[in-house]
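Descriptive structure summary
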Protein chains: 2
Amino acid sequence: MTLTVRLGARSYPIIVERSYAGVPTRLNAMGFMRVGWVVSHASLLARHGRGLLGPLRRAGWQLETIPIPERESSKSLAMAERLIRRLASRPTRGVPVLIAFGGGVIGDLAGFVAAIFRRGIPYLQVPTTLLAQVDSAIGGKVGVDLPQAKNFVGAFYQPRLVWNNVAVLKSLPMRQRRSGVAEIIKYGLIADAALFELLERRLDACLALQPAVISALIERSCAIKARVVSADERETRGIRHQLNFGHTIGHALEAASGYRRWTHGEAIAIGMCAAAALAVELGLCSRAVPERLTRVIERAGLPTRASGVSREAV
Amino acid sequence: MTLTVRLGARSYPIIVERSYAGVPTRLNAMGFMRVGWVVSHASLLARHGRGLLGPLRRAGWQLETIPIPERESSKSLAMAERLIRRLASRPTRGVPVLIAFGGGVIGDLAGFVAAIFRRGIPYLQVPTTLLAQVDSAIGGKVGVDLPQAKNFVGAFYQPRLVWNNVAVLKSLPMRQRRSGVAEIIKYGLIADAALFELLERRLDACLALQPAVISALIERSCAIKARVVSADERETRGIRHQLNFGHTIGHALEAASGYRRWTHGEAIAIGMCAAAALAVELGLCSRAVPERLTRVIERAGLPTRASGVSREAV
């Protein structure tokens, strides 16, 4: 299935498939040079590299893989510079393509490097986590962290394509699957009652990655993200803010706990419960909303409240 | 006098004046927050800082100055990171403004930092060299160098205003004035016969910075740059390439000589002579063109040919 982020000349497709077999045909139709780099992790390249690189190489692509250490601290300016020096060391005629093959860290880092290398080269998002497939790979928010602040350095720079292969999610640990589910819950709550109901009904199938169910959930989530980004690319029109539901408190919890205790999805789960409770207090919604939200979050194996973290720090 | 770079929502004025007295009125009309940083060199701040900062502070602006070492190697990712950490260390509500106050190194570095700090904050170009006033401060090409390659890291990120105070050029050494004249010659040759003739007639007055003459030359040069950038912001339509007249060979000469022997303007002067000679050989123009070009370049005290540099390296 193909969705589209509509941004005029910067429009791009989001593809949800069960393999990478169709990637070369799609890319060749876009007129790329068939030369590029794949930024990823060594473990990911070992596990899924052949699935992506095989078809591309058979189609004549010359690709160099660049493995990045698998840790949050890889999202740094120092790593961006290392990556850029690596790209600059290979003389190329024309414009090569950068392929971000991994989770949020890879997508944010490689997207940022693509944004600033030679004043911008094309890049593709090939996300391998549920969270990246439904959220971070779409929308062009790229960047790195400073030691004292997350996402303080970056750009709005859209990819030329997002390719979601749901089959690679099989190797995701359960905790990361649950983390991705938190963002799907968010989409359901902010924009799509049918998506929310589907998740409530098929939560076990979702966590087990039953193909039809997980594909449907990813497609509906991506459709919402695509629609919101199309309407407010740079978060200047008060529309893209919707995607931050649960993120104000969620980010605060992550920061207050040094980004070690909760995954992003777990922090967002708590943040959504807190935001919904606040909405009730402010008279903006009925008690039924946080109750139903809390129920599905609990069933997804995600936390609904924070304890042991300083209220002042948050 | 006010010119405009026309880029829709990203349009901005280029102001050519003989002081900074009008800066606060202009900025306040643009709705900025009156909080920001001035990135510059210590020597420049000592000499002209009061002229710029005085009026702004009296108008209620809270400005912090950030001096950068006065050398080409300040245009690095490491310096960009240092600058960004400095910006991040000051918590601000709202969106502060970055003011680039200096020559090409300051403009390129500060503009790049403005492009990537918090995914882009507004910045102003207040160029203090002739070359920056007529060329590098306009058009949004910002970036830093890698050790092995100039301008390999950067962005197209337009300033919100360019303020050219011709009075500060007085402290420019003659070699730097001549270097700026090379770009004015370029504008005359690619787009404005009257500008070329004015320069031929008033070259001495230009180098002596006679106010009426230098203002007219800067205004006409800026008008051409503004027109070209308005028509082809990202150099994708074959129009902005015109501004590179003399730069293909000029850049090669700079690189082959390790950026130490010639100023940018000197290398471009040689490059223009070489390009014009090539044009004659290709039957694209008459011999009269390089002859007239060479004459004005010589009279400006700029080199017309390179010797002692390896042809292979170039």
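Provided above is the structure to which this section pertains.
Summarised in this report is the structure supplied together with it. Every chain's residues receive numbers from 1 upward, in the order its sequence appears when written. Chains and ligands are labelled sequentially in the order written, the chains with letters from A and the ligands with numbers from 1. Whole-chain, interface and lining totals are the exception, using all residues; otherwise, since this is a predicted model, local features are given only for residues with pLDDT of at least 70 and side-chain atom pairs are given and counted only at 80 or more. The basis for the side-chain values is all heavy atoms of the structure; hydrogens and waters are excluded.

All names here are of chain A. Every helix listed is a DSSP run of H or I at least four residues long, and every strand listed is a run of E at least two residues long, numbered separately from the N terminus. For a helix, the expected span equals 1.5 Å multiplied by the residue count minus one. Taking 1.5 Å as the rise per residue, helix 4 (residues 104-116) with 13 residues should run 18 Å; its terminal C-alpha atoms sit 18 Å apart, in good agreement. Most of helix 4 is tucked away, with 12 of its 13 residues classed as buried. Three or more residues of helix 4 are buried, namely V105, I106, G107, D108, L109, A110, G111, F112, V113, A114, A115 and I116. Residue R118 follows helix 4 closely and has a positive phi angle near 50°. Note on exposure labels: buried denotes an accessible area under 20% of the residue type's maximum, exposed denotes more than 50%, and partly exposed covers the range between, all computed with a 1.4 Å probe on protein chains only.

The next point concerns the packing of helix 11 (residues 264-281) of chain A against helix 12 (residues 288-299) of chain A. Residues and elements named next belong to chain A. Axes here mean lines fitted to C-alpha atoms, for a helix over just the part in contact, with angles spanning 0 to 180 degrees between N-to-C directions. Axis separation between helix 11 and helix 12 bottoms out at 9 Å; the angle between their running directions is 170°. By the angle between their axes, helix 11 is roughly antiparallel relative to helix 12. Residues A269, M272, C273, A276, A277 and V280 of helix 11 pack against P290, L293, T294 and I297 of helix 12. Classification used: nonpolar for Ala, Val, Leu, Ile, Met, Phe, Trp, Tyr, Cys and Pro, charged for Asp, Glu, Lys and Arg, polar for all others including Gly. Considering only residue class, the contact of helix 11 with helix 12 consists of nine nonpolar, one polar and no charged. Each angle is binned into one of four classes, with values under 35 degrees roughly parallel, values over 145 roughly antiparallel, values of 65 to 115 roughly perpendicular, and all other values oblique. When checking whether two residues touch, look at their non-hydrogen atoms; a contact exists if any pair is within 4.5 Å.

The next thing to look at is the interface of chain B and chain A. If you look at the interface, chain B gives 24 residues, while chain A gives 24 residues. Summing both sides of the interface, chain B and chain A together bury roughly 2,100 Å²; the carbon and sulfur share of this comes to 63%. On the chain B side of the contact with chain A, I116, R119 and F152 of chain B bury the most area, a combined 33% of that side's loss. Criterion for a salt bridge: a side-chain nitrogen of Lys or Arg within 4 Å of a carboxyl oxygen of Asp or Glu. Scanning the region where chain B abuts chain A turns up zero salt bridges. As used in this structure description, the phrase polar contact means that two N or O atoms lie within 3.5 Å; if the pair is within protein, one of them must be able to donate a hydrogen and the other to accept it, and residues adjacent in sequence are counted only when both atoms belong to side chains. Between chain B and chain A we count four residue pairs in polar contact (both at pLDDT 80 or more) in total. Mapped onto the side of chain B that touches chain A, the elements with two or more residues apiece are helix 3 (77-88), helix 4 (104-116), strand 7 (141-146) and strand 8 (149-156) of chain B. Looking at the side of chain B that touches chain A, its residues break down into 15 nonpolar, four polar and five charged. Accessible surface is computed with a 1.4 Å probe, and the buried area is the amount of it that two parts give up when combined, taken over both parts together.

A few words now on the sheet that holds strand 5 (residues 97-102) of chain A. Two modes of strand pairing occur in sheets, parallel and antiparallel, and in both the strands are linked by backbone hydrogen bonds. All names here are of chain A. Judged by pairing direction, the sheet is mixed, and its seven strands sit side by side in the order 1-2-9-6-5-3-4 without closing on themselves. Each of the sheet's edge strands pairs with one partner strand only, and the pair in question is strand 1 (2-5) and strand 4 (62-67). For this sheet the average axis-to-axis angle between neighbouring strands, irrespective of direction, equals 20°. Both strand 3 (residues 35-40) and strand 4 contribute to a ladder of six bridges, which runs parallel. If you follow G36 over to strand 4, its bridge partner there is L63. Against the sheet, helix 4 makes contact with strand 3, strand 5 and strand 6 (123-127), and its axis sits at roughly 170° relative to strand 5, the strand it touches most. Strands pair, by our definition, only if DSSP identifies at least two bridges between them.

All names here are of chain B. Lining residues are those with an atom within 4 Å of a point, where the points come from a 1 Å grid over the protein atoms alone and group into cavities, where a 1.4 Å probe fits but cannot get out, or pockets, open sets with protein on both sides within 12 Å along at least five of seven lines. Grid points are joined across faces, edges and corners, and a volume is the space filled by probe spheres set on the points. All told, the structure shown has one cavity of 30 Å³ or more when counted by the stated rule. Computed from the structure, the largest cavity encloses a volume of approximately 40 Å³. Of all the elements in the fold, those that place two or more residues in the lining of the largest cavity are helix 1 (23-29), helix 2 (42-58), strand 6 (123-127) and strand 9 (161-165). For the lining of the largest cavity, the residue count by class is nine nonpolar, no polar and no charged.

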